[in-house]
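Structure at a glance
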Amino acid sequence: MQQAINKAKILMEALPYIKAFKNKTFVIKFGGNAMVDPVLSHSFALDIILLNYVGIRPVIVHGGGSLRSANLWTGLAWKQSLWRV
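Note that the structure is a prediction, hence the values are computed from the model and not measured.

Attention shifts here to the confidence of the model for the protein. Keep in mind that low pLDDT regions are not for reading the predicted coordinates in detail. The predicted model of the protein averages 82 in pLDDT, with 74% of residues at 70 or higher. At the low end of the mean pLDDT range in the protein sits helix H4 (residues 65-69), at 55; at the high end sits strand S1 (residues 25-30), at 94.

Put into structure tokens, the structure is as follows:
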């Protein structure tokens, strides 16, 4: 019962933000430990489902860090990204 009360409190605190960001798009990086740890991957997926359920449109992008450092993309030339505004 206490767990349900705690979840309700968290959702009540989040409600103003849920309303403010409804119908907005969030770009979320998925990488690092969240990619290799099944528990973190599952938690990440549940969070994405919740965002979508409350009306926030998540767009997931691959972080690439662990794959890049593991050199799994052989044959590809890694180049520094250029950010221009």
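What follows covers the nonpolar core. Most often, soluble globular proteins keep nonpolar side chains buried together rather than apart. Counting residues in each nonpolar core, the largest one holds 5 residues, listed as Ile28, Phe30, Ala34, Phe44 and Ile48. Those elements that place two or more of their residues in this core are S1 and helix H3 (38-53). Here Ala34 is in contact with Leu40 and Ser41, once residues within four sequence places are set aside.

Tallied over the full model, the rule gives 2 aromatic pairs. With a centroid separation of 5.4 Å and an interplanar angle of 80°, the aromatic rings of Phe21 and Phe26 are classed as edge-to-face. On the basis of relative accessibility, which here comes to 37%, the residue Phe21 falls in the partly exposed class. You can call Phe26 partly exposed: its relative accessible area is 27%.

We now examine a nonpolar patch on the surface. A contiguous nonpolar surface patch, about 370 Å² in accessible area, is contributed by Leu11, Leu50 and Tyr53. Its location among the elements puts Leu11 in helix H1 (residues 2-20). Accessibility expressed as a relative area gives 46% for Leu11, which makes it partly exposed.

Here we come to the environment of Ile60. Checked against the element boundaries, Ile60 lands in strand S2 (residues 57-62). On the basis of relative accessibility, which here comes to 37%, the residue Ile60 falls in the partly exposed class. For the pair Ile60 and Ile48, spaced 12 residues apart in sequence, the C-alpha separation works out to 8.9 Å.

Scoring rules and cut-offs
Note that residues are indexed from 1 along each chain, following the sequence as it is written. Where totals are concerned, whole chains, interfaces and linings use all residues; where local detail is concerned, this predicted model gives features only for residues with pLDDT of at least 70, and gives and counts side-chain atom pairs only at 80 or more. Hydrogens are left out, water is left out, and the side-chain values use all remaining heavy atoms of the structure. Each residue gets a pLDDT score, which is the predictor's confidence in that residue and runs from 0 to 100. Secondary structure counts use DSSP, requiring at least four H or I residues in a row for a helix and at least two E residues in a row for a strand, with both numbered from the N terminus. Residues belong to a common nonpolar core when they are buried Ala, Val, Leu, Ile, Met, Phe, Trp, Tyr or Cys residues joined through side-chain atoms within 4.5 Å. Exposure is judged per residue with a 1.4 Å probe applied to protein chains only, and the accessible area is read against the type maximum: over 50% gives exposed, under 20% gives buried, and values in between give partly exposed. Should any heavy atoms of two residues lie within 4.5 Å, those residues are counted as being in contact. Ring geometry is summarised as follows: Phe, Tyr and Trp rings, the Trp one being its six-membered ring, pair when their centres sit within 6.5 Å, and such pairs are stacked at plane angles under 30 degrees, edge-to-face over 60 and tilted between the two. Each patch is assembled from residues with relative accessible area greater than 30% and no salt bridge, linking like charges that lie within 9 Å and nonpolar side chains (Val, Leu, Ile, Met, Phe, Trp, Tyr) that lie within 5 Å. Areas reported as accessible are Shrake-Rupley estimates using a 1.4 Å probe. Residue values count occlusion only from the protein chains shown. Salt bridges are defined as contacts in which a side-chain nitrogen from Lys or Arg sits within 4 Å of a carboxyl oxygen from Asp or Glu.

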